[in-house]
Amino acid sequence: MTINWTEIEKKWRDKWAKSKDFETNPNDKPKKFITVAYPYPNSPQHIGHGRTYTLADVHARFYRMKGYNVLFPMGFHYTGTPVLGMAKRIESGEKEILDGLRNIYHVPEDAIKSFVKPIKIADYFHEEIKSGMIEMGYSIDWRREFTTIVPSYQKFIEWQITTLKEKGRIIQGSHPVGWCPVDQNPVSQHDTMGDVEPKIDDKNFLIKFKLDEFVFPITTLRPETIFGITNLWVNPNTVYKKVSVDNETWIVSEQCAKKLEFFEKKVSVIGEIPGSEIIGKNATNHDEREIPILPADFVEPSMGTGLVMSVPAHAPKDYQALMDLKAKGHELASKLEPIPIIGTEGYGAIPAKDIVEKMGISDQSDDKLEEATKELYLKEFTDGKLNDKCAQFENEKVQFGRDKIRVWLQENNFLEKFPVLENAPVKCRCGAECVVKILNNQWFLNYGDEEWKGLARKCLDEMNILPNNIKTEFVEVIDWLHERACARQQGLGTKLPWDKDWIVESLSDSVIYMAYYTISRFVNDGTVQPENLSKEFFDYVLLDKGDVTQAANSSNLSEDVINTMKKEFQYFYPVDSRHSGRDLVQNHLSFFVLNHVAIFDKKLWPQEIVVNGSVMMDGAKMSKSMGNIIPLRAAIKDHGADPIRLAIISSAELLQDADFNMESVSGIQSKLESLLEECSRLKKGQIGNLQAEDRWILSKTQSKIAEVTEAVEKMRLREALHDILFTFETDLSWYQKRVQAKERGDVSEILHQINSARVAMLSPFAPHVSEEMWEKLGNSEIVSKAQWPEYSKDDVDAVSIQAEELLKSTIDDIASILKVTKITPKKIVIYVDSDEIKSKIYRKILSIMVGGQNNMGVVMKELIADPNTADAKKMPDYVQKVIKDLHSESESIKRMKLEAESFDEKEFLKSELSSIGKKEFGVDITVYSKSDDDIYDPKGKARHARPFKPAILIE
């Protein structure tokens, strides 16, 4: 059956919309509030974007079928500068961006012409993204839709930012930020090309040396090593600048001079000097010691100040560079020896020498120097102690002495902070390379506050993070977060209430917006106007602060309306599950936690965060330059929404990067088409007397329901989908084989029941075609609102499962023997175990192994200790073989065998093996037990039979 995907998907989308199936208000059901990061509309969504939203939709649909009242809303994030930069690039006629709009996204020319206005870009792609979400079948309550620049949302942000300031979470001061020198704005992930979050290393320092009348400044992460400097490095091929910096004259590289302008310093270039003229001179350090200056081509003018200090006793790169110069017979270098200042267990007097020799490093171009540096720095930081060359800091541990030395040097005007971008180069969306800027009198969220960090850690400890192994990334982000600019002077957004020259920064206005979803429908239907949203209103509704009379007086709303909105918030909050991509752990998702704990009571803190990896296309990262970006709507049009949804989900588990390819889409289409055809043939009816294979397939269906349910709850969606589409298919294939062998024609009702459960579980994954299948199965209601199949232990027949496993394994063993021997069988004889002692030993071993033990010695000890199985000491080979048999079985089968009473293997195989055996191998199969008087056993095979492992004779 070929499916017309466009037709089927439109049919069911129209039905959902007409019956308003996904619009939800508070009711008597338990609730689930599931949210996903709202999109920034500066381009259409592509296949990669579809992953996060599809995973969240599966989650929402699953809980809806589990009986929860599920709220799954959506907004659009207009705030920030990306559309500003994009509009400028379009206005200037930049070919790359125009080609992308025309050839990849197929934007009409008249729309492109309007894109010189940033709001036109956002509005166009807003509608494009929304249309794609609807076409993907996302079960969104669209009544709650908003953008972050509508007046009502801006009122909400004004309240949020004011509340944070009142709680002391916003401070004013001077702090380093990532900065676009063209846009003159702080930048964060959403402002940069490739969505890179600028990472600032504010533990980088500048130490001031003297060279004649000049300051000779050098950056370092290790100010404590100033006591071990032997020389300074200068690149002889670089022309350095003489620069007036405030009241001093510095020698630095040209690149450094430009960086200094962003550090709130008065900077002017007054001359220049070639590096070759500096080499051979002496600079003086803090204690007036003369330090020679040596040549080094490895010194990068773009790094730090373009000058480097050398501590060869503790820096492997410096040690090797000095050794290389000595090997060349450099006169000045030959007089220098490393000065050890840190004692560390496991290393000699000169640790850099030890590690260089240990790693077999031969010269300063060796890649292993990087690894050596990291290893030694970490060891010295955690275990090293400063020695007597470090003056008053002798015997200080490095990790504590470092800060004390830094403060001491700073107080004596020998040291300044020199923050750098540790992940440079980072480019703004306007194309400019970002720098670090010290902002004065700027407003910052004080994420560096330890008390605030402590609350965030408590929230993370108590919430569910999926997958759990990413929790450490959240902890690391909370640890390194420091003050973050929360306002800027350009872009779309909300003005800072107390300083209208500033706009609330884009990530700072997207941290608690989930609360606004509970209010937005009242704004959208006209019940509430933006001017009604007063501070007292928000305090009362969201924080339960003040009283309703006060809120009513300030907002000009009736007390009934206010209390209705408050009940809606209190019903849906907190957020039960927050979905987003891994790239947002380092900013948005961590800020989401921090701002919730800052503003709301503990009972309203988020309950769960679900993080997914990105999507690659045929093994490559998606990018315009690679030409492998497929817009989501184009993919839906060509292949159907459900196949795209399933291809995305089936390509990887949650945190893995999914590798999407179109081959998988066509395979999934075929699978869905055959399942729809199967559903069209099946009729609902009364199930008659059950045969062995019926009891087995119904029991396996129950087990599958339990496994799929657990997998979806834990967001192991690839595993769940694989079970629904393929493991079910394997079980059904065996069932059909059994039925056909018996020439039965009475199984339609059983298959109807099984496929009904299967389609219901498929529904959250492939909602449109599942509705069609559900209808073909004869159901009048829609499957999206049907009950999720419930696992019933009472409906699991453990004996039938172990019996059928015995039958399958016996058939497989016969087939394996025939394959190896290439015999055409005339007679097949099966021998089952009937030894009571061996059976007792088998069940005892089973009970031990279900407990997790499979060590032969331990198992044997427990067998001998039990009087009922003490005879095991006479049959070690048998015990070993049983352990091997059981070790190859799944834990669930072992448990079932243990829980179920043993059954008569002989009688079961006699009744069930004949039909399928005849069909498979073309001969009759005879079954004996070892104790039968009339046994036919010319080769003594019967003695090899074990429980669930019959012996086989083929003639």
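Please read these numbers as outputs of a predicted model, since none were measured by experiment.

**Student:** Looking at this structure, how should I read unusual backbone geometry?
**Tutor:** Note on backbone geometry: most residues besides glycine have negative phi, and most peptide bonds are trans. For the peptide bond that leads from Ala424 to Pro425, omega is 0 degrees, which places it in the cis range. Residue placement: Pro425 occurs in the loop between strand S18 (420-421) and strand S19 (435-445). Between Leu466 and the following residue, Pro467, the backbone shows a cis peptide bond with an omega angle of -10 degrees. One non-glycine residue, Asp246, adopts positive backbone phi at about 55 degrees. Along the chain, Asp246 falls in the loop between strand S9 (239-245) and strand S10 (248-252). Note on Asp246: relative accessible area 40%, which makes it partly exposed.

**Student:** Which parts of the structure should I look at to understand the nonpolar core?
**Tutor:** A general tendency of soluble globular proteins is for nonpolar side chains to be buried together. Counting 231 residues, the largest nonpolar core has Phe156, Phe600, Leu762, Phe765, Ile830 and Ile845 as the members making the most contacts within it. Ranked by residue count, the leading element in this core is helix H26 (residues 717-741), at 11 residues. When residues no more than four places from it in sequence are discounted, the contact partners of Phe765 are Val58, Arg645, Leu646, Ile649, Val712, Leu717, Ala720, Leu721 and Ile724. Formed by 41 residues, the second largest nonpolar core is a distinct cluster that contains Val234, Ile293, Ala321 and Cys390.

**Student:** Mind showing me how you'd approach the environment of Ser664 here?
**Tutor:** Here Ser664 shows up in helix H24 (residues 662-681). Taking the relative accessible area as the measure of exposure, Ser664 reaches 24% and is therefore partly exposed.

**Student:** Can you help me understand the side chain of Gln320 in this one?
**Tutor:** When you line up the elements, Gln320 lands in helix H10 (residues 316-327). The class of Gln320 is buried, set by a relative accessible area of 5%. For Gln320, the side chain forms a polar contact with the main-chain oxygen of Ser362, separated by 3.2 Å. Here Gln320 is in contact with Val356, Ile361, Ser362, Asp363, Gln364 and Leu369, once residues within four sequence places are set aside.

**Student:** What is the right way to read helix H28 (residues 767-776) from this model?
**Tutor:** Working note: α-helix, 3.6 residues per turn, so residues spaced by three or four point in the same direction. Of all 10 residues making up H28, 8 are buried, and the element is well covered by its neighbours. Every buried residue of H28 is accounted for by Pro767, His768, Val769, Ser770, Glu771, Glu772, Met773 and Trp774. For H28, the secondary structure elements touched by its buried residues are helix H1 (5-19), helix H2 (47-65), helix H6 (118-135), helix H23 (641-650), H24 and helix H27 (748-762).

**Student:** Just to check I follow, could you spell out the packing of aromatic side chains for this structure?
**Tutor:** In this description, an aromatic ring pair is defined by two values, namely the gap between the centres and the angle between the planes. Going through the model one piece at a time under the given rule, you end up with 37 aromatic pairs. On the basis of an interplanar angle of 20 degrees and a centroid distance of 6.3 Å, the ring pair of Tyr831 and Tyr928 is categorised as stacked. Here Tyr831, found in strand S30 (residues 828-832), pairs with Tyr928, found in strand S31 (residues 925-929); they are 97 residues apart in sequence, far enough to count as distant. Accessibility assignment for this pair places Tyr831 and Tyr928 in one class, buried. Pairwise contacts between aromatic rings join Tyr38, Phe146, Tyr153, Phe156, Trp159, Tyr513, Tyr516, Tyr517, Phe537 and Phe538 into one cluster. A cation over an aromatic ring shows up here: Arg61 above the ring of Trp16, its NZ or CZ 4.7 Å from the ring centre.

**Student:** Looking at this model, I keep getting lost on the pattern of salt bridges. Mind explaining?
**Tutor:** Pairs can form between side chains of opposite charge whenever their charged atoms are close. Applying the stated rule across the entire model yields 74 salt bridges. Residue Arg521 is joined to Glu568 by a salt bridge in which the shortest nitrogen-to-oxygen separation is 2.8 Å. Remark: Glu568 occurs in helix H20 (residues 559-572) and Arg521 occurs in helix H17 (residues 517-524); sequence separation between them is 47 residues. A relative accessible area of 14% means that Arg521 is categorised as buried. One salt-bridge network, in which partners are shared between bridges, spans Glu693, Asp694, Arg738, Lys742, Arg744, Asp746, Glu804 and Glu912.

**Student:** I keep staring at helix H25 (residues 692-713) and nothing clicks. Help me out?
**Tutor:** Here H25 contains 22 residues, and its C-alpha end-to-end distance of 32 Å stays within 8% of the 32 Å for a straight helix at 1.5 Å per residue. The buried fraction of H25 is high, at 17 of 22 residues. Phi turns positive one or two residues past the end of H25, at Met715, with a value near 60 degrees.

Scoring rules and cut-offs
- Residues numbered from 1 in each chain as written.
- Predicted model: local features only at pLDDT ≥ 70, side-chain atom pairs only at ≥ 80, totals over all residues.
- Heavy atoms only, no water.
- Helix = DSSP H or I, 4+ residues; strand = E, 2+ residues; numbered from the N terminus.
- Buried < 20%, exposed > 50% of the residue type's maximum accessible area, 1.4 Å probe, protein only.
- Core = buried A, V, L, I, M, F, W, Y, C linked by side-chain atoms within 4.5 Å.
- Contact = heavy atoms within 4.5 Å.
- Polar contact = N/O pair within 3.5 Å; in protein donor to acceptor, adjacent residues only side chain to side chain.
- Phe/Tyr/Trp six-rings, centres within 6.5 Å; stacked < 30°, edge-to-face > 60°.
- Lys NZ or Arg CZ within 6 Å of the ring centre and 35° of its normal.
- Salt bridge = Lys/Arg side-chain N within 4 Å of Asp/Glu carboxyl O.
- Expected span 1.5 Å × (residues − 1).

Everything listed here is a matter of geometry and, on its own, says nothing about what the molecule does.
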